[in-house]
Structures are given as C-alpha cells and as structure tokens.
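Below, each chain spelled out in residue letters.
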Amino acid sequence: MFFLSLFSRFMTPKYKEEATGYVDKNPEYIWVSDRSSFKAMLAILQQASSCIMDTEADSMHHFQEKLSLIQISVGKYHWLLDPLCKLNIKPLWKCKALKNITFHACDYDLRLLAKFHDFHPESIYDTSIAAKLLGEKQTGLAALVEKYFGIKLNKSNQKADWTRRPLSPEMCHYAMLDTVYLEAIKEFQCKKLEQLGRMDWLRESCETLLINSKKNKSEFSENETKENWRIKGSSSFKPLELQLLRAIWNWRNKIAQKRDVAAYRVLNPYLMLDIVKAIAKNKGKINERNLPRMPRNIKGTLLQSFIKELNEATSVPTEEFPGQIPRKAAPRTNINEDLREKLRELRNEKAAQFKIDSGLLAKQSQLNVLADSLSGNTWEEKFETAEFMKWQKEIWQTLAPKAILPKTPAEFRSWAKEKLSAMSEESRAAETEKLLNELYSHPVLANGYIAAFYPAMFEPQIVPFLKNLAKEGRLLLPRVQDKQKMEFVPIQNLDTELHKGAFGIMEPKPDLPAFENPPSAFLVPGIVFGKDGTRIGHGAGYYDRYLSSFKGIPRLGIAYSAQMRNTLPQNAMDMRMDEVLWVR
C-alpha cells in the first residue's frame, strides 16, 4: 500500500498552491514560439513535479510527417509550443516536469516524441488506459469530459492541418482543451482505482507501454530503410508484378513529395495493387487502355509520365526484377482449441466480474499461447511466453488451474448439457435458422430418401426441414424396436403419423411399415460433436450400431455451436461423421 500511495502522489502534478484535480474553468492558452515565451515556460516546468501533454502531427496532409504542435499544461498554465519554429527546444526535454507526464491514449504521442526529439519520459500516466481498467464503456477524451464534467468538446479540428501558420484561434482553443481536463480526470480515476485495488494494474500497464514504445522506436528505425514498397497484398506477386509495384511506389512518392501531400492521396494502396494486376497481363507496351480507372487528377502529362515510368520498369533485364522475400517459417504450434475455448470462457467470466473488457485480461494471441502445448510445460512458463504483466499473471494463476477439460464420454455429456442449458432462446433461434438454410441448400440432401431424426428438446429444431422432406415424400424417421435396434420409416405427415415413443422422443407409429432400402444420406443427432467428425451420442448406441451396416452413405451430424469440440475420444464402435453442420 505504501508503494501505491507513493505512486499516486508521485503521479499527481502540483505547482505552487494548485490543488490536485484542478480544473481551469477559464483556460487561456500561451503561444510559445520565441525565446521569451519559451524561457518563461521553462521556468515553471523546471519547478513542477509533472505535467499534462498532448501532440499534433500532419501525416494526413504532407509527404513527410512532422510533429506540428506540443500542448503542455501545469495547473492554470496551458502552453502551445510550436516545434516548427526555428527555436532550439532541446532544454525542454530536461525539465523536471517532463519526467512524469500525463497523456490520453499516448501510443502515437510517444512515437512522435521519440522519432523527432529522441525523448522518452521516465514515467507516464495514461487516462485512456485508466478508463479501460475502470470499465468505462467509452474511453475517448471527449466521452470522458462529457461524462465527468457535462461538457461537449468540439472535435471538428481533429483532422486539421496542424502545420498551418498562424493557427486559427479555434484550432488553438481545440488543441488546448486536449490537456485542460486531464488532471481532474486523473484525480478521479486514481481514487476509483485505489478503491478497486487496481492502482498497481495501471502503474504496470503504463510502465509496459513506455517500455514497448522504446522497443518500437528501435524496431522502427531498423525497418525504416527496408523495402517499404512491398505493401500488404503483394506477398504472392511474381517478379514482374513486384517490378511494376516498385515503379508505381517510386513514381507516387516522387509526385507526393513534389506536391507535399500524403502519398496515399496520389494513389491509395488498393489502387496500386489493382494497377499491377491489370498491366501485368499485358504482353506489349503499356498504354492508357491497360489501366483500371484512374483518379480524376491523374491525366494529361501526369498520366503520360506514369505510363512512361511503367514501360521503363518493364524494359530492364528480368534478372534485375525484385524477387519474393522468403517467408519466415511460422513458429511451430500445437494449440488445443478446446482448452483455448475453456480459457476464453474463464477470461470472459472474470472480466464480467471486474466489469472490464475481456481483452485486458488476455488478448487472443495470449490465449493461443496458453493453449499451446509447445509454449511451456507449466502455467508459469506459459505466462512468461505470453508476456503477461504481473497483475495479469496473478489473475491467471487462479484462473488457469480451473481450465479442466472433460475426458470421459460421461464428462463430455455433462459439459454439453450445461452449455446447451445456458444457450439463450435468441441464440437457439438464430443458429437454427442458419442450420435450416444450410440443410435446404446442401447438395447431398437434394435427392433421394433422407434418414433424419426428430429433435429432442436441446437438439437443433430442424422440424421445418423435416416437413419439407415429408412433403416431397423423401423423409425417413427412426423407430426404436428394442434396447438394441432401431429402424427407419417413411413419413409423409408429421402431425398424424408420429407419437411419443422411446425416451419421450416423437417417432413413427407402430403400424407404419419400415423402409427396406439404404437412404441417400443420414442426418445424425448427438450430444457432442468434434470438428473432425467425432461424435458422442446420448449413450444407448443406437446410431453407432445402425450406421455400421451402411458403408459409403454420407453421414451428416447436426449441432449447435455449444455442442462442438475440436475432437473427441472414440472407440472402435463409434461412427465418425463425414461432415458436421454447425454455425461457426
């Protein structure tokens, strides 16, 4: 508790007599772009224990991304620092207040500060992360300000060009409000986090974000010089296509740089891929007719320069064409899908208990690690491989041992009945509708007699499909003969030709004659199905015995998603399905 209290005080900015949780009700911004205003700002930042910060960039408007504005608040002081002016702002990064910074959703801010000024704060507080850990439904700044203060922020300048000078008063006011309320929001959040015992969650989450931002900066620098023209969607391209793509990329960047616009505004990546696919089929010289529909602003001389670039690219010796980059072999995995599903259930239940998003406890990739037999022999090893934070690990140390899977048929039946009982009527109805559509359109069921089943209470309610088969004179339903045998009977009217038979399930009346020939296909019920066709029935073994006499006739299992597992234990007498129909 001492450390948590210390962390809370350490992360609370104080300047002179300003109280924590201070909200400046009449904020005024201070524009900083000369030595005098910069010196005055530094004098305060060198005394303050922490500050609030936000940044603005221009990646949507210009060829080269620039850090265009830095907003800093301490108490009643709200500075808008112009990093594009010729002022040397290096002294800023050594100020005491910048050791401990409060941001909102700061992933991008940290990247900009590292990229352009090689700056990393020692400690951060992210109000967006805190909001998620408190279970806020909406974690955007505007949503939090409206919830806590009843104030609606105008976000019309969110995508503005922040390199414009001078910035309009409206843009400056907009930028200032990105930091004005964060101190009060943080104060509220800290109290709530301490009440819930989640202050250490936040501390570690912020520390991890900061560590990852430093790691990402290093990786970004290494990757920046690589072949960026190999855009998503081009990994399967042949050498000619890659040569064309590289030429288009270089032409696009040249035009974008000349116009000083974002490169995607000249040609978006999707159109680049379409152009390559279209012209790669051309055998001769490329001309305008070979191109897909181009943007309206690419015409005349500009269009001709583009076509010239493409023709020059194809005229070089083929040995100079780029080749495909060998794909790195994917790490070997052996994921138990049933275990992953159980872990997901446990995670979701715990997240609902905490009233937070389940992804905070474990992302999908981390669940994969936990369910992978190759990621470690113990849970502790798996936690390390999954890169859980300490607070996440502590939660999973209690959850993981509960991930016990059924092993025997009896345990699987018990598991399935519990899952089926928990299904809502809405889920049953939605899945049944999709199953019926699949049954109506399935080619195996289009002709001949279909040996189906009348559904029990928890089985997919396929009665409409049965009525359709009966109307067509193609329906066969099972009738129990004794404790070992059953037979199939042609049914033309479900309302008059059935009665409640063995196990309380509707079956053909005793006076109706049995069907003597093999059917075209079987629709098979079950209590649990494996995605690989394995099946566990209700335990009497009627279907396994009956189906063993019919080789080569399609067997289709019908199931709700709640009845599905990855695979099931089978013995020599158990009959596999050729296909299982279920809603994925």
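These numbers come from a predicted model, not from an experiment.

Caption draft 1: Fine view of the nonpolar core. Core analysis: the biggest nonpolar cluster contains 68 residues, and Phe38, Leu45, Leu92, Leu98, Leu202 and Trp396 have the highest contact counts within it. Beyond its immediate stretch of four places on either side in the chain, Leu202 contacts Tyr125, Asp126, Ile129, Ala130, Leu133 and Leu193. Counting 46 residues, the second largest nonpolar core, distinct from the first, contains Val463, Ala470, Leu476 and Phe550.

Caption draft 2: Just the pattern of salt bridges, in detail. Overall, the coordinates contain 20 salt bridges when judged by the stated rule. With a shortest N-O distance of 3.7 Å, Lys186 and Glu183 are connected by a salt bridge. Here Glu183 and Lys186 lie together in helix 7 (residues 182-196), a separation of three residues that amounts to about one turn. By relative accessible area, which is 7% here, Glu183 ends up buried. The closest approach of N and O atoms between Glu384 and Lys393, which form a salt bridge, is 2.4 Å. Beyond isolated ion pairs, a larger network of salt bridges with shared partners links Glu65, Arg111 and Lys115.

Caption draft 3: Region of the structure containing the side chain of Arg347. The residue Arg347 is located in helix 12 (residues 337-354) in this model. Salt bridges are absent for the buried Arg347, whose nearest opposite-charge side chain, Asp357, sits at 7.1 Å. At 2.7 Å, the side chain of Arg347 forms a polar contact with the backbone oxygen of Ala362. Once residues lying within four places of it in the same chain are set aside, the contact partners of Arg347 are Ser358, Leu361, Ala362, Lys363, Leu367, Trp396 and Leu399.

Caption draft 4: Structural detail: the sheet that holds strand 14 (residues 535-536). Here we have three strands laid out as an open sheet, ordered 14-13-16, and mixed in their pairing. Each having just a single partner strand, strand 14 and strand 16 (564-565) make up the two edges of the open sheet. In this sheet, strand 16 lies alongside strand 13 (residues 528-530) in parallel orientation, the contact comprising two bridges. Bridge pairing links Gly530 to Arg565 in strand 16. Sitting on the sheet, helix 16 (residues 409-422) is in contact with strand 13, strand 14 and strand 16, with an inclination near 105° to strand 13.

Caption draft 5: Structural context of the packing of helix 17 (residues 425-441) against helix 18 (residues 463-471). Two numbers describe how helix 17 lies on helix 18: the axes approach to 9 Å, and their chain directions differ by 25°. When the axis of helix 17 is compared with that of helix 18, the two are roughly parallel. Within the contact between the two elements, helix 17 uses Leu436, Leu439 and Tyr440 and helix 18 uses Pro464, Phe465 and Asn468. Split into classes, the residues belonging to the contact of helix 17 with helix 18 amount to five nonpolar, one polar and no charged.

Caption draft 6: Geometry of helix 7. Taking 1.5 Å per residue as the helical rise, helix 7 with its 15 residues ought to reach 21 Å, and the 21 Å between its terminal C-alpha atoms agrees with that figure. Among the residues of helix 7, those classed as buried are Leu182, Glu183, Ala184, Ile185, Lys186, Glu187, Gln189, Cys190 and Leu193.

Caption draft 7: Geometry of the packing of helix 12 against helix 15 (residues 390-399). Orientation of helix 12 relative to helix 15, taken along the N-to-C sense of each, is 120°, at an axis distance of 11 Å. Between helix 12 and helix 15, the angle is such that the two are oblique. For the pair helix 12 and helix 15, the sense of crossing is right-handed. Every residue of helix 15 that contacts helix 12 at Leu343, Leu346, Arg347, Lys350 and Phe354 is listed here: Ile395, Trp396 and Leu399. When its residues are assigned to classes, the contact of helix 12 with helix 15 shows six nonpolar, no polar and two charged.

Rules and cut-offs
- Residues numbered from 1 in each chain as written.
- Predicted model: local features only at pLDDT ≥ 70, side-chain atom pairs only at ≥ 80, totals over all residues.
- Heavy atoms only, no water.
- Core = buried A, V, L, I, M, F, W, Y, C linked by side-chain atoms within 4.5 Å.
- Buried < 20%, exposed > 50% of the residue type's maximum accessible area, 1.4 Å probe, protein only.
- Contact = heavy atoms within 4.5 Å.
- Salt bridge = Lys/Arg side-chain N within 4 Å of Asp/Glu carboxyl O.
- Helix = DSSP H or I, 4+ residues; strand = E, 2+ residues; numbered from the N terminus.
- Lys, Arg positive; Asp, Glu negative; His and termini not counted.
- Polar contact = N/O pair within 3.5 Å; in protein donor to acceptor, adjacent residues only side chain to side chain.
- Pairing = 2+ DSSP bridges.
- Axes fitted to C-alpha atoms, helices over the stretch in contact; angles between N-to-C directions.
- Parallel < 35°, antiparallel > 145°, perpendicular 65-115°, else oblique.
- Nonpolar A, V, L, I, M, F, W, Y, C, P; charged D, E, K, R; others polar.
- Expected span 1.5 Å × (residues − 1).
- Left-handed = near helix turned anticlockwise from the far one by under 90°.

By themselves, these figures tell us nothing about what the structure is for.
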